[in-house]
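# Structural features, examined
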Amino acid sequence: MNNFSNNTAWTDLNDAEDQREYALIPPKTLAKVIMVIRPGGYDDLSQGWAGGYATRSEKTGAIYLNAKFTLLEGPFAKRVVFGLIGLSSPKGPEWSNIGRSFLRAILNSARGIHPADNSQEAQSARRIKGFADLDSIEFIARIDVEKDQNGDDKNVIKAAIQPEHKDYAALMGNVPRGSSGGGSNGGSGGAAPLTVARSANSAPPVSTRPAWAS
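Right, let's walk through the structure included here. The written sequence of each chain sets the order in which its residues are numbered from 1. Confidence filtering applies because this is a predicted model: local features only for residues at pLDDT of at least 70, side-chain atom pairs given and counted only at 80 or more, and all residues used for totals across whole chains, interfaces and linings. Hydrogens are left out, water is left out, and the side-chain values use all remaining heavy atoms of the structure.

### With respect to the overall build of the chain
A tally of helices and strands in the chain yields three helices and seven strands. Runs of H or I in DSSP of at least four residues are treated as helices and runs of E of at least two as strands, each being numbered from the N terminus. For the chain, the succession of helices and strands along the chain, N to C, is β-β-β-β-β-α-α-β-β-α. Within the span of the chain, comprising 214 residues, buried residues form 37% of the whole. Whether two residues are in contact is decided by their heavy atoms, any of which lying within 4.5 Å being enough. A sequence separation of at least 24 residues applies to 51% of the contacts in the chain between residues at least 6 apart. With residues, only the protein chains shown are counted as cover, and all accessible areas are computed by Shrake-Rupley using a 1.4 Å probe. Total accessible area on the chain is roughly 13,200 Å²; 49% of this is exposed by carbon and sulfur atoms. Note on classification: 1.4 Å probe, protein chains only; a residue is buried when its accessible area is under 20% of the maximum for its type, exposed when over 50%, partly exposed between these limits.

### Some details on the pattern of salt bridges
A pairing counts as a salt bridge when a side-chain nitrogen of Lys or Arg comes within 4 Å of a carboxyl oxygen of Asp or Glu. Using the criterion set out here, one finds six salt bridges in the structure. Across the pair Asp144 and Arg142 runs a salt bridge, and its minimum N-O distance is 2.8 Å. A salt bridge links Asp167 to Lys166; the nearest nitrogen and oxygen atoms lie 3.2 Å apart. The exposure class assigned to Asp167 is partly exposed, which follows from its relative accessible area of 22%. The class for Lys166 is exposed, based on a relative accessible area of 54%.

### Some details on helix α1 (residues 94-111)
Between the first and last residue of a helix there are one fewer steps than residues, each counted as 1.5 Å, and that sum is the expected span. Along its 18 residues, α1 runs 26 Å from first to last C-alpha, staying within 8% of the 26 Å computed at 1.5 Å per residue. Residues Ser96, Gly99, Phe102, Leu103, Ala105, Ile106, Leu107, Asn108, Ser109 and Ala110 constitute the buried set of α1. In the segment just after α1, Gly112 is the residue with positive phi, at about 70°.

### Focus on the pairing of strand β6 (residues 137-147)
Note that strand β1 (residues 29-37) and β6 share seven bridges and pair antiparallel. Across the sheet, the residue bridging to Ala31 is Ala141, located in β6. Here β6 runs beside strand β7 (residues 153-160); their pairing, made up of seven bridges, is antiparallel. Each residue of the ladder has a partner; that of Lys147, found in β7, is Asp153. Counting the residues between successive antiparallel strands, the hairpin from β6 to β7 contains five residues, one of them, Gly151, with a positive phi of roughly 85°. Two strands are said to pair when DSSP picks up at least two bridges between them.

### Overview of unusual backbone geometry
For Lys28, which is not a glycine, the phi torsion comes out positive at approximately 70°. In this fold, Lys28 is placed in the segment before β1. Phi at Lys78 takes a positive value of approximately 80°, unusual for a residue other than glycine. With respect to the helices and strands, the residue Lys78 is situated in the loop between β4 (63-71) and β5 (80-88). You can call Lys78 exposed: its relative accessible area is 52%.

### Considerations on the environment of Leu87
Positionally, Leu87 belongs in strand β5. Sequence separation between Leu87 and Asn97 is ten residues; the distance between their C-alpha atoms is 8.0 Å. Ignoring sequence-local partners within four residues, the contact set of Leu87 consists of Trp49, Ala54, Ile63, Tyr64, Leu65, Trp95, Ser96 and Phe131.

### Overview of the environment of Tyr168
Of note, Tyr168 is situated in helix α3 (residues 168-172). The exposure class assigned to Tyr168 is buried, which follows from its relative accessible area of 0%. As a C-alpha pair, Tyr168 and Ala31 span 137 residues in sequence and 9.6 Å in three-dimensional space.

Here you go:
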């Protein structure tokens, strides 16, 4: 239902609130996020890029995933950070390599896989059927600050926090695979008690993200 009491709400804006100014999220902030891919309509089946998730820059020829990260919890809940995840660049393989490393870390974070775990189960967890598997994935991110093309500061996400980090379990709300909950590979490190725990063979917890983050 419209909260405005008259039919001039969109023609007379004198009584509208002042626009809100949001300070940057402090660098090195850790938070649980949900990543949504904004489709760019570019496919290359030889690379496994299907579903129209990838975007190709007409200016540079670079191909990437156009990602929106929404913070799910904490003092900055509902804040959004945008970013590009590189898939291919005419300039060389570095763009692609960085993108693949980031996606690997996202899967480790989301699926509770220690980065040094090379078991069959871990390797299977790092495989996806396509980019659709990454759409709406939840993981722990590190928010940082860098300059945009105009020289202004902006928030960015270029690192996923993986289970070996001391704060991972408390932030993720579970215990990563292969951890008893108190060891160095994903224990809470003295953080607040965990609300959900799962073993290597248990199903992942049901998502409780709020409706606004869907």
